[in-house]
Each structure stands twice: as structure tokens, then as C-alpha cells.
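Take a look at the letters that make up each chain.
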Amino acid sequence: MISDFALLQSLRPIEESQTMSSQLYVYYRISPAQGRVLLPRLRQMQAKLTEYGVQASLMRRQDEAANTNLQTWMEVYREVKDSVAFTRQLQQALHDYGLEQALTARHAEWFVPLDD
């Protein structure tokens, strides 16, 4: 799982660009059986996080069959205005929905638009 420290550390390069919105991509490997159990909670968590003004989606890697042993899933959060605050909101939501321990080895990457 991504610790608060690791997520906050990943923010260091973009702290200076707080005025622009950023996007957070969180990906991890999950078994189809675990996915069927966790999917309703993930969707509920993402619905809750949209109350903070972000757009949330959940995807599965296209080139992996639905019946493989492990799939790569990705949570996407767009239009994040305050990345530090959202990181804390995401960590709290993971805890609130019981996903903290269930979704381990999560990898987070932040992106911002290119300057013109």
C-alpha cells in the first residue's frame, strides 16, 4: 500500500504548480476473485471522492484477459486542484472503505498538463 509519506513524497515535484489541476494515476495488480469482492467498495470510495470536485474512474489493462491470475487495475483521479489535500482525502477514504489492507503494492504517479 502507498503510505501517506510515499504519496506526499511523490508530490514534491508538483507542489510549485498548485494553481493548475493535476491527475493522479494509481495502479496495482489484483486477482479477479479479489477484484469481484473489492469492486463495489472501490466504486463507492470513488463516488465519495468526487464530492471533492475530482473526476474518478477505474480501469483494467486492456491486454490482460479477464480470467488471468492477476490483472492490472488503475484508479484515475482528474481535476485534482490541491494534490496535498486530495492525497489525505484518498488515504482517509481507503481507510473508511476498508481498502487500506486489501489493496497493497499500489503505485501512484502524478501528472500535470504540459506548458504551451
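The model shown is predicted, which means the values in this text are computed figures rather than measured ones.

(A) Region of the structure containing the overall build of the chain. Of regular secondary structure, the chain possesses three helices and four strands. Order of helices (α) and strands (β) in the chain, N terminus to C terminus: α-β-α-β-β-α-β. In the chain, the share of contacts with a sequence separation of at least 24, taken over all contacts with a separation of at least 6, comes to 77%. Put simply, the chain shows about 7,000 Å² of open surface, and 51% of that area lies on carbon and sulfur atoms.

(B) Representation of the packing of aromatic side chains within the structure. Inspection of the entire model under this criterion finds two aromatic pairs. Measuring from centroid to centroid gives 5.4 Å for Tyr-25 and Phe-111, while their planes differ by 85°, and the two rings are edge-to-face. One end of the pair, Tyr-25, is in strand S1 (residues 22–30); the other, Phe-111, is in strand S4 (residues 107–111), with 86 residues separating them in the sequence. Classification of Phe-111 by relative accessible area gives partly exposed; the value is 45%.

(C) How the structure looks around helix H2 (residues 32–49). Taking 1.5 Å per residue, 18 residues should reach 26 Å; H2 reaches 24 Å between its end C-alpha atoms and fits that length. Along its length, H2 reaches its greatest deviation from straightness, about 45°, at Leu-38, and the proline Pro-40 lies no more than four positions downstream. Among the residues making up H2, those that are buried are Pro-32, Gly-35, Leu-38, Leu-42, Met-45, Gln-46 and Leu-49. Structurally, H2 contributes buried residues whose contacts are with S1, strand S2 (55–60), strand S3 (71–80) and helix H3 (83–96).

(D) How the structure looks around the side chain of Thr-72. Residue position: Thr-72 is located in strand S3. Reaching out from Thr-72, the side chain makes a polar contact with the side chain of Arg-29 at a distance of 2.9 Å. In contact with Thr-72, not counting residues within four places along its chain, are Tyr-27, Tyr-28, Arg-29, Met-59, Arg-60, Arg-61 and Glu-64.

The rules behind each value
Residues numbered from 1 in each chain as written. Predicted model: local features only at pLDDT ≥ 70, side-chain atom pairs only at ≥ 80, totals over all residues. Heavy atoms only, no water. Helix = DSSP H or I, 4+ residues; strand = E, 2+ residues; numbered from the N terminus. Contact = heavy atoms within 4.5 Å. Areas by Shrake-Rupley, 256 points an atom, 1.4 Å probe, with all protein chains shown as cover. Phe/Tyr/Trp six-rings, centres within 6.5 Å; stacked < 30°, edge-to-face > 60°. Buried < 20%, exposed > 50% of the residue type's maximum accessible area, 1.4 Å probe, protein only. Expected span 1.5 Å × (residues − 1). Bend = angle between axes of the 7 residues up to and from the residue. Polar contact = N/O pair within 3.5 Å; in protein donor to acceptor, adjacent residues only side chain to side chain.

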